[in-house]
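Below, each chain spelled out in residue letters.
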Amino acid sequence: AAKVAEAAGKGGKEESEALRAAYSSLMSQPDGEVVKMATALVERIKSKDQGGLSRAEEVVLRSNEEFPNDIGLLSVFMLNIVTLQPGESMFLKPNLPHAYLRGDCMELMAASDNVVRAGFTPKFKDVSTLTAMLDYHPGKPELMTGIPEGPNVRLYAPPSEQFPEFALRRGVLSA
């Protein structure tokens, strides 16, 4: 954590390597250590004034109800928390960690993408593949609102050659 704080805002390789080292260390912790850290984190957040919680702390408490003591609780603080409004979307480049927590969502992935899980799942977590493949460049996701094309229709143009422009009509995708 100290290396990440020291490198924060410097950008470039130093910041990316600090994030890689911190996240790899976190994800490689033995299950017993994860339980201790997650329990301590949840207890600390619960002891705070609930009206003054950060969004990350709120996500931790809500997620702990479904996935108690999960490594994902500790990962929350290394991610951007984004709340999409109806009609909004976001584009994530390959190898960026993300989690869908609640609400209605449609995810479009390239055919070659593999799902490598990090947390908030009972399924297998391939930590070595995950930590080796992630893009550790900090930044905010690109939000897209689409262009209105008629009643309940929006046209989206993701900044990627893999995904052509597409229209979304009341939850139905059209290329």
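Model, not experiment: these values are computed from the prediction.

Details of a nonpolar patch on the surface
Here comes step 1: Taken together, Val82, Leu84, Met90 and Leu143 make up a surface patch of nonpolar side chains, about 290 Å² in accessible area.
Here comes step 2: Within the fold, Val82 resides in the loop between helix H5 (71-75) and strand E1 (89-91).

Notes on the confidence of the model for the protein chain
Here comes step 1: Considering every residue of the protein chain, the mean pLDDT works out to 87; 89% of them sit at 70 or more.
Here comes step 2: The least confident element of the protein chain is helix H1 (residues 2-7), whose mean pLDDT is 60; the most confident is helix H3 (residues 31-46), at 97.

With respect to the nonpolar core
Here comes step 1: Core analysis: the biggest nonpolar cluster contains 22 residues, and Tyr23, Ile45, Val60, Ile71, Leu73, Leu74 and Val76 have the highest contact counts within it.
Here comes step 2: Within the second largest apolar cluster, 6 residues are counted, among which are Phe91, Met144, Tyr156 and Phe163.

Considering the pattern of salt bridges
Here comes step 1: According to the stated counting rule, one finds 5 salt bridges in the structure shown.
Here comes step 2: Here Glu17 ties to Arg20 by a salt bridge, and the two come within 3.7 Å at their closest N and O atoms. Of this pair, Glu17 and Arg20 both sit in helix H2 (residues 12-27), 3 residues apart, which is roughly one turn of the helix.
Here comes step 3: Classification of Arg20 as partly exposed rests on a relative accessible area of 27%.

Some thoughts on the environment of Asp126
Here comes step 1: Relative to the helices and strands, Asp126 is located in the loop between E1 and helix H6 (127-133).
Here comes step 2: For Asp126, a relative accessible area of 24% translates into the label partly exposed.
Here comes step 3: In sequence terms Asp126 and Met27 are 99 residues apart; their C-alpha atoms lie 9.9 Å from each other.
Here comes step 4: Residues in contact with Asp126, not counting those within four places in the same chain, are Val116 and Arg117.
Here comes step 5: Of the polar contacts made by the side chain of Asp126, one reaches the side chain of Thr129; its length is 2.8 Å.

Details of the side chain of Asp70
Here comes step 1: Looking at where Asp70 falls in the secondary structure, it is placed in the loop between helix H4 (55-66) and H5.
Here comes step 2: For Asp70, a relative accessible area of 9% puts it in the buried group.
Here comes step 3: Among the polar contacts listed, one links the side chain of Asp70 to the backbone nitrogen of Phe120, at a separation of 2.8 Å.
Here comes step 4: Apart from residues lying up to four places away in sequence, Asp70 is in contact with Val34, Ala38, Gly119, Phe120, Thr121 and Lys125.

Looking at the environment of Ser28
Here comes step 1: In this structure, Ser28 sits in the loop between H2 and H3.
Here comes step 2: Residues Ser28 and Ser128 lie 100 residues apart in sequence; the distance between their C-alpha atoms is 8.3 Å.

Rules behind the numbers
- Residues numbered from 1 in each chain as written.
- Predicted model: local features only at pLDDT ≥ 70, side-chain atom pairs only at ≥ 80, totals over all residues.
- Heavy atoms only, no water.
- Patch = residues over 30% accessible without salt bridge, like charges linked within 9 Å, V, L, I, M, F, W, Y side chains within 5 Å.
- Areas by Shrake-Rupley, 256 points an atom, 1.4 Å probe, with all protein chains shown as cover.
- Salt bridge = Lys/Arg side-chain N within 4 Å of Asp/Glu carboxyl O.
- Helix = DSSP H or I, 4+ residues; strand = E, 2+ residues; numbered from the N terminus.
- pLDDT = per-residue confidence, 0-100.
- Core = buried A, V, L, I, M, F, W, Y, C linked by side-chain atoms within 4.5 Å.
- Buried < 20%, exposed > 50% of the residue type's maximum accessible area, 1.4 Å probe, protein only.
- Contact = heavy atoms within 4.5 Å.
- Polar contact = N/O pair within 3.5 Å; in protein donor to acceptor, adjacent residues only side chain to side chain.

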